[in-house]
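Per-entry structural report
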Amino acid sequence: MDCGNFCLACGKKLRKLETIDGKQLVYHMKCWNEIIQDIKNFDKVAQTKYKYEPLYCGLTRQEVEAGEKLVITFE
Ligand SMILES: [Zn+2]
């Protein structure tokens, strides 16, 4: 994958040092470790750090609170 040697996590340029077995990494080691930590704590960081929106019947919480009708279909 050619990503122009920019970190996929923070968007900053990767250094030549970020390699394993001579392969350029797509993350800084520091960023990668942070991602691993975030995955472990995904339920805690998802909504704050990644602006992850839980969906209610395909609507975001704001849409539900704004009065969008929930349409429940039975199949
Ligand atoms: Zn980074």
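Predicted, not measured: the structure shown is a model, and the values here were computed from it.

Conventions used here
Residues numbered from 1 in each chain as written. Predicted model: local features only at pLDDT ≥ 70, side-chain atom pairs only at ≥ 80, totals over all residues. Heavy atoms only, no water. Patch = residues over 30% accessible without salt bridge, like charges linked within 9 Å, V, L, I, M, F, W, Y side chains within 5 Å. Areas by Shrake-Rupley, 256 points an atom, 1.4 Å probe, with all protein chains shown as cover. Salt bridge = Lys/Arg side-chain N within 4 Å of Asp/Glu carboxyl O. Helix = DSSP H or I, 4+ residues; strand = E, 2+ residues; numbered from the N terminus. Buried < 20%, exposed > 50% of the residue type's maximum accessible area, 1.4 Å probe, protein only. Donors = N, O, S within 2.8 Å, 3.2 Å for Na, K, Ca; no water. Tetrahedral: all angles 85-135°; square planar, octahedral: opposite > 155°, others 65-115°.

**Some words on a nonpolar patch on the surface**
The grouping of Trp32, Ile36 and Ile39 at the surface amounts to a nonpolar patch, some 280 Å² of accessible area in total. Structurally, the position occupied by Trp32 is in helix α1 (residues 29-40). Trp32 sits in the partly exposed class, given a relative accessible area of 38%.

**With respect to the coordination of the zinc ion**
Listed as protein donors to the zinc ion are Cys7 (SG), Cys10 (SG), His28 (ND1) and Cys31 (SG); their distances from the metal cover 1.9 to 2.4 Å. Taken together, the four donor atoms coordinating the zinc ion and their angles of 104 to 117° define a geometry best described as tetrahedral. In terms of primary sequence, the donors binding the zinc ion are separated according to C-x2-C-x17-H-x2-C. Owing to a relative accessible area of 37%, Cys10 belongs among the partly exposed residues under this scheme.

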